[in-house]
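So the chains spell out like this:
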Number of protein chains: 2
Amino acid sequence: MIQVAVNGYGTIGKRVADAVTAQPDMELVGVAKTSPNHEAETAVENGYPLYAAIEDRLDLFAEAGIEVAGLVEEMVEGADVVVDATPSGIGAENKALYEAHDTPALYQGGEDADLVDTSFNARGNYADAEGADHVRVVSCNTTGLSRLLAPLDEAYGVEKARVTLVRRGGDPGQTGRGPINDILPNPVTLPSHHGPDVNTIFPELNIDTLGMKVPATLMHTHSVNVTLDEVPDADDVRDLLAGEDRLFLIPPAYGIDGAGKLKEFAMDRGRPRADIWENCIWDESITVEDDDLYLFQAIHQESDVVPENVDAVRAVLGAADREESMARTDEAMGLGF
Amino acid sequence: MIQVAVNGYGTIGKRVADAVTAQPDMELVGVAKTSPNHEAETAVENGYPLYAAIEDRLDLFAEAGIEVAGLVEEMVEGADVVVDATPSGIGAENKALYEAHDTPALYQGGEDADLVDTSFNARGNYADAEGADHVRVVSCNTTGLSRLLAPLDEAYGVEKARVTLVRRGGDPGQTGRGPINDILPNPVTLPSHHGPDVNTIFPELNIDTLGMKVPATLMHTHSVNVTLDEVPDADDVRDLLAGEDRLFLIPPAYGIDGAGKLKEFAMDRGRPRADIWENCIWDESITVEDDDLYLFQAIHQESDVVPENVDAVRAVLGAADREESMARTDEAMGLGF
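Just so it is clear, the structure is predicted and the values come from calculations on it, not from any experiment.

*Asks:* I'm lost on the domain arrangement of chain A in this one. Help?
*Replies:* Residue and element names in this part refer to chain A. Domain boundaries in chain A define domain 1 (2–138 + 305–333) and domain 2 (141–299). On a C-alpha basis, the centroid separation for the pair domain 1 and domain 2 is 26 Å. On the domain 2 side, the residues contacting the 23 residues of domain 1 number 18 residues. Both faces combined, the contact of domain 1 with domain 2 buries some 1,700 Å², and carbon together with sulfur accounts for 46% of it. When the buried surface of domain 1 facing domain 2 is broken down by residue, Arg15, Arg123 and Val138 rank first, second and third, together holding 33% of it. Summed over the shared surface of domain 1 and domain 2, the number is 9 salt bridges. Across the pair Asp18 and Arg273 runs a salt bridge whose closest N-O atoms are separated by 2.9 Å.

Written out as structure tokens, the structure reads:
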């Protein structure tokens, strides 16, 4: 059994802990948190050993009546791999800790690409992470783009990708963020960081990205254009994408017009936290004009990187190859609608 | 003096009436409305002769204490040109009225292109409307795209334009519209109507458009990509666009990040109804990668077609050529920041 520790127990960490627990070949050593809150309570409720990330704050947990299993160092020492799911920039500060314990570590997309040996997307470059000590699982949007562009590039060749990412202003719990009643070019300069980030997975891919921010919290939505070397018809593209496990083609008959109905659908299907781990591609939007492919896809910012983190655990340990790992992850988590 | 009548006194009609009144070579015959409301009260307040568009509803005006100058037929008879600013589809019903009085008519972008002799954008195809009896002033988004694409095509040649239009859900007064907290592909199929609509102005232009709808009311925002035949650098493009009277390049130093600040800026400058008649292009967003130009522009859906309606009046009567008309319109309305 692979011993996995999760350092940081927020939006990503709590989901990764659940996903690791669901894997038949993995065991959760524990989760570490800086301070007690409702998520810490739930970790204890779930029976997850809870470690304190900062020794000075041990008394806060005691005051909150939450029993901790120890300090984060002990958790790291007992793990084969650590998933660092701390806020952007904190992962970099934690690197020395993981190195001191000679424990391979996975970081999230908010860290700089040059912190690690390789950035990672399971479908895109699984093998690059095999045997690596420090791996960065790219962000939600880069994950969504990598999953889509990998099969397109393999099947037809991508001459150039141009993507406008219409991003949610904040997650549902981030009640202090904006914008309200506005459409912001964000960043107003080009490219947004997403294009260069995709290039950490596919260094040769020609991609330009533009970012915007709008008053929505549920999911991001991408307006995707890909100029292809070999031009298929739209039905070929549909068949290709339908054959990819982490791409969900929204059937026109479902009457799903946006993220609200997608989340409702996920809840009806019993998805934990209404998570949608798959790219959601509107089948009807898949269009080929001249040598240009167009489509819309929605990306659930809180959860699409979770299966990728699970795969990265196996990749760094050489515990399975790409196909085997993705299949195991998806089976255990229940991907696919 | 050109005698201009405005049939329909809502979002567009009231603005066109004001703009016509401001022109030194035009006189407002009057405005017609179907029923009394706050806008009818303001028309009277402004001293605009108010005509009833439907005879059966004359008593409604009487009940509201609003004096009408007569019926719409009398207004049309007294006009050299009628601007039809009625809701989509009603313009088509009114066509027979204008023909009966042998009065040239301008319609708005909500009408079908095949209702008229030509669609119209002042910068794009002014001359096509000269002497025409029925002319359609294209919609706000198509106007914004035509103003931008005309100079780019003339200077560099447009190989292909690809535009994602992130559209406001409704105008500030349309309180019953959505979406709330969502990002909707709209329409989910491609192309959106905007691309074909641009082709009513530039039949040969290669353009693909994608539409989305978001919870915002102030302005539309376009993510624009144009593949050019001859590739300039970004500063050349800036100079070219800065030389166009109805394009406003937002200076980076202004700190304007979206439509909220643009409208605030317009109010500070004393613009009537905070109208922004110009395309608002973020200077910083103008980027050239390979042979692709990218930029963001915001379009004020309630007002950018108003100067175009004024120009179309002169065009159908042969009262001025393009440069002369645009200059007169802009001078009288106060375009340019």
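*Asks:* Honestly, the pattern of salt bridges in this entry has me stumped. Any pointers?
*Replies:* Side chains that carry opposite charge are capable of pairing whenever their charged atoms lie near each other. Residues and elements named next belong to chain B. For the structure on display, the rule yields 48 salt bridges over all chains. The partner of Glu308 in a salt bridge is Arg246, with the nearest N and O atoms 3.0 Å apart. Taken together, the residues Glu308 in helix α11 (residues 306–317) and Arg246 in the loop between α9 (234–242) and β13 (247–250) connect sequence positions 62 residues apart. Judged by relative accessible area, which is 3%, Arg246 ranks as buried. Between Asp311 and Arg246 there is a salt bridge; the shortest N-O distance is 2.8 Å. Placement of the pair is Asp311 in helix α11 and Arg246 in the loop between α9 and β13, with a sequence separation of 65 residues.

*Asks:* Any chance you could explain the interface of chain A and chain B here in plain terms?
*Replies:* Interface size, as often reported, equals the accessible area lost upon joining of the parts. Between chain A and chain B, the contact holds 43 residues from the first and 43 residues from the second. Counting across the interface, chain A meets chain B through 6 salt bridges. For Asp290 of chain B, the salt bridge goes to Lys160 of chain A, with nearest N and O atoms at 3.2 Å. Applying the counting criterion to the chain A and chain B interface returns 22 residue pairs in polar contact (both at pLDDT 80 or more). Those elements giving two or more residues to the side of chain A that touches chain B turn out to be β9 (158–168), β10 (184–185), β11 (207–214), β12 (220–228), α10 (259–268), β15 (287–289) and β16 (292–299) of chain A.

*Asks:* What am I meant to see in helix α1 (residues 11–22) of chain A here?
*Replies:* Within an α-helix, residues lying three or four positions from one another point in the same direction, as the helix has 3.6 residues per turn. All names here are of chain A. Under the 1.5 Å per step criterion, the end-to-end length of α1 is 18 Å for 12 residues, consistent within 8% with the ideal 16 Å. Along α1, the positions that sit buried rather than exposed are Ile12, Gly13, Lys14, Arg15, Val16, Ala17, Ala19 and Val20. Contact partners of the buried residues in α1: β1 (2–7), β2 (26–33), α2 (38–45), β5 (81–84), α11 (306–317) and α12 (322–333).

*Asks:* Quick question: what am I supposed to make of the relation of the copies chain A and chain B here?
*Replies:* In this arrangement, two copies of a chain are superimposed by a rotation about an axis accompanied by a shift along the axis. For the match of chain A to chain B, the screw axis carries a shift of 0.0 Å, the RMSD comes to 0.0 Å, and the turn is 180 degrees. In short, the pair behaves as if placed about a two-fold rotation axis. Of the C-alpha atoms belonging to chain A, the one lying closest to the rotation axis is found on Pro215 of chain A, 3.0 Å away. Both copies present the same face, since 100% of the interface residues in chain A are matched by interface residues at the equivalent positions in chain B.

*Asks:* I tried to follow the packing of helix α7 (residues 140–156) of chain A against helix α9 (residues 234–242) of chain A on my own but got confused; where do I start?
*Replies:* Packed helices, taken two at a time, are described by their axes: the angle between them and the distance between them. Residue and element names in this part refer to chain A. Where α7 contacts α9, the axes come no closer than 10 Å and their chain directions differ by 125 degrees. Comparing their axes, α9 and α7 come out oblique. As for the relative orientation of α7 and α9, their crossing is right-handed in sense. Seen from α7, the contacting residues are Leu148, Pro151, Leu152, Ala155 and Tyr156; seen from α9, they are Asp236, Val237, Leu240 and Leu241. For the contact of α7 with α9, a count of residues per class yields 8 nonpolar, no polar and 1 charged.

Conventions we followed
- Residues numbered from 1 in each chain as written.
- Chains lettered and ligands numbered in written order.
- Predicted model: local features only at pLDDT ≥ 70, side-chain atom pairs only at ≥ 80, totals over all residues.
- Heavy atoms only, no water.
- Domains from an automatic or database assignment.
- Contact = heavy atoms within 4.5 Å.
- Buried area = accessible area lost by both parts, 1.4 Å probe.
- Salt bridge = Lys/Arg side-chain N within 4 Å of Asp/Glu carboxyl O.
- Helix = DSSP H or I, 4+ residues; strand = E, 2+ residues; numbered from the N terminus.
- Buried < 20%, exposed > 50% of the residue type's maximum accessible area, 1.4 Å probe, protein only.
- Polar contact = N/O pair within 3.5 Å; in protein donor to acceptor, adjacent residues only side chain to side chain.
- Expected span 1.5 Å × (residues − 1).
- Least-squares fit on C-alpha atoms with pLDDT ≥ 70 in both.
- Axes fitted to C-alpha atoms, helices over the stretch in contact; angles between N-to-C directions.
- Parallel < 35°, antiparallel > 145°, perpendicular 65-115°, else oblique.
- Left-handed = near helix turned anticlockwise from the far one by under 90°.
- Nonpolar A, V, L, I, M, F, W, Y, C, P; charged D, E, K, R; others polar.

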